[in-house]
Amino acid sequence: SVKGVAVRFASAVQSQNLAVFTLILVGAMVLIGQTAYTAVRTRRREFGMLRAMGWPAGSVGWLVETEMILLGLAVGIAALPTGLALTHWLHVGSATWQWLAAVPLAVLVAAFAALVPAVTASRGLTIDVIRGGGRIQRSRLPASILGLGIRELLGAWRPEAALGIAAVTIGAALLGAVVLVEGAFRGQLDVTVLGTYLSAEVQPFHVVLAGLALAIGALAAAEVVTLSYLERQAGFAALRALGWSRFAIVQVVLGQALAFGVVGGLTGGLLVVAGGLLIGASLATVVLAGLGAVCAGLAATALAVLIPVMLAYRLSPANALRGE
């Protein structure tokens, strides 16, 4: 107390909490931006018709931005009673401005996340937007069915895939960082009264936040894989009618999920390893934290794609082709 150690540690913990909260919001912004970008992609013909009826390009962009701002406002209002209930249940005191900040914070996150989708919606010539599609190019046959799924993901769904991988990377890196910090300071700080207090108060909180970030990343990956499957459901049904097995269709979906888990998990693991080397942690701790980040990314993605995998396995060619 005399040397100000407790105050410095408390300030460091507050800064760390702020950094973790910021990363959580960044992950949420990535997920919202990915959802908005996918919605803009599926509504290109609608935007083209609005352009043909006289809407300026900027008005189409403002339409997307306004929709996302209203979504953020609704989420912020819904977060108010949730935050009050959690603070009462956990017996955590908070100032009035802290839980009131949920509304403007949600609006800001949604507004920033919609910037790129709004600009995308306002770009392009009117006739090109209405027509949709792109130039047909010659392509090579993939070496395997898994390669077919990955090639489709990196082609037609490239922006959404990049955002999904970024969300998985954030979640995996956060979870690995929690393991890294815990292993790096084991036996050095937690033998003191201050260290015991910090371990009891901070570690569970950070584990929950890291798990939340990983769940956001898994949702982003699942969204892309599910929408990619639904967009090509009729094509998969035609392949089933031509003799493809159920497992072959599932392999296409698994290939896309594998790309999310491997790339996102490895990137998060490399970030954790780099952070561990910077703080001078032991080699065993760095390796354990890096492997934890990779495994967390793979496990979260595997759980997230269970629904699209089940949909692909239960695909009925007759029902899917009935409306074609």
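Just so it is clear, the structure is predicted and the values come from calculations on it, not from any experiment.

S.K.: Please clarify how the overall build of the protein chain should be interpreted in this entry.
M.R.: Each helix and strand in the protein chain was counted, giving 15 helices and zero strands. In the protein chain, which comprises 324 residues, the proportion classed as buried is 36%. Counting contacts in the protein chain only where the partners sit at least 6 residues apart, residues at least 24 apart contribute 85% of the total.

S.K.: Could you clarify how one ought to interpret the nonpolar core in this entry?
M.R.: Considering soluble globular proteins, one finds that nonpolar side chains tend to be buried as a cluster. Formed by 20 residues in total, the largest nonpolar core has its most connected members in Tyr229, Phe236, Val253, Phe260 and Ala312. Secondary-structure elements contributing two or more residues to this core are α9 (158–184), α10 (193–231), α11 (233–241), α12 (246–279) and α14 (306–313). The element contributing the most residues to this core is α12, with six residues. In this structure, Phe236 is in contact with Tyr229, Ile249, Val252 and Leu315, ignoring residues within four places of it in sequence.

S.K.: In this structure, what is going on with α11? I would like to understand it.
M.R.: The periodicity of an α-helix, 3.6 residues per turn, causes residues three or four places apart in sequence to face the same way. Within α11, burial applies to Phe236, Ala237 and Arg240. When α11 is viewed along its axis, its buried side chains cluster within an angular range of 105 degrees and face the same direction. Phi turns positive one or two residues past the end of α11, at Gly243, with a value near 120 degrees.

S.K.: What is the right way to look at the environment of Pro117 in this model?
M.R.: Within the fold, Pro117 resides in helix α6 (residues 115–121). Non-local contacts of Pro117, meaning those with residues more than four positions away in its chain, are made with Gly33, Ala36, Tyr37, Val40 and Val64.

S.K.: Explain the confidence of the model for the protein chain to me, please; I cannot follow it from the model alone.
M.R.: Fine structural detail should not be taken from predicted coordinates in areas where pLDDT scores are low. Confidence in the prediction for the protein chain averages 78 pLDDT; 80% of positions are at 70 or higher. When pLDDT is averaged over each element of the protein chain, helix α5 (residues 102–113) comes out on top at 89 and helix α7 (residues 126–131) at the bottom at 56.

S.K.: Whenever I open this one, the packing of aromatic side chains confuses me. Can you help?
M.R.: Working definition: an aromatic ring pair is given by the centre-to-centre distance plus the angle between the planes. All chains considered together, the criterion is met by one aromatic pair. Centroid distance Tyr229 to Phe236: 5.8 Å. Interplanar angle 15 degrees. Geometry classified as stacked. A single burial state applies to Tyr229 and to Phe236, both of which are buried.

S.K.: Could you clarify how one ought to interpret the pattern of salt bridges in this entry?
M.R.: Side chains bearing opposite charge may pair, as long as their charged atoms lie close to each other. Under the defined criterion, the tally for this structure stands at two salt bridges. Across the salt bridge formed by Arg43 and Glu46, the nearest N and O atoms sit 3.1 Å from each other. For Glu46, a relative accessible area of 38% gives the class partly exposed. The salt bridge involving Glu67 is made with Arg43; its shortest N-O contact spans 2.9 Å. Here the residue Glu67 occupies a position in helix α3 (residues 57–90), and Arg43 occupies one in the loop between α1 (5–42) and α2 (44–52), the gap between them amounting to 24 residues.

Rules used in this analysis
- Residues numbered from 1 in each chain as written.
- Predicted model: local features only at pLDDT ≥ 70, side-chain atom pairs only at ≥ 80, totals over all residues.
- Heavy atoms only, no water.
- Helix = DSSP H or I, 4+ residues; strand = E, 2+ residues; numbered from the N terminus.
- Buried < 20%, exposed > 50% of the residue type's maximum accessible area, 1.4 Å probe, protein only.
- Contact = heavy atoms within 4.5 Å.
- Core = buried A, V, L, I, M, F, W, Y, C linked by side-chain atoms within 4.5 Å.
- Arc of directions from axis to C-beta.
- pLDDT = per-residue confidence, 0-100.
- Phe/Tyr/Trp six-rings, centres within 6.5 Å; stacked < 30°, edge-to-face > 60°.
- Salt bridge = Lys/Arg side-chain N within 4 Å of Asp/Glu carboxyl O.

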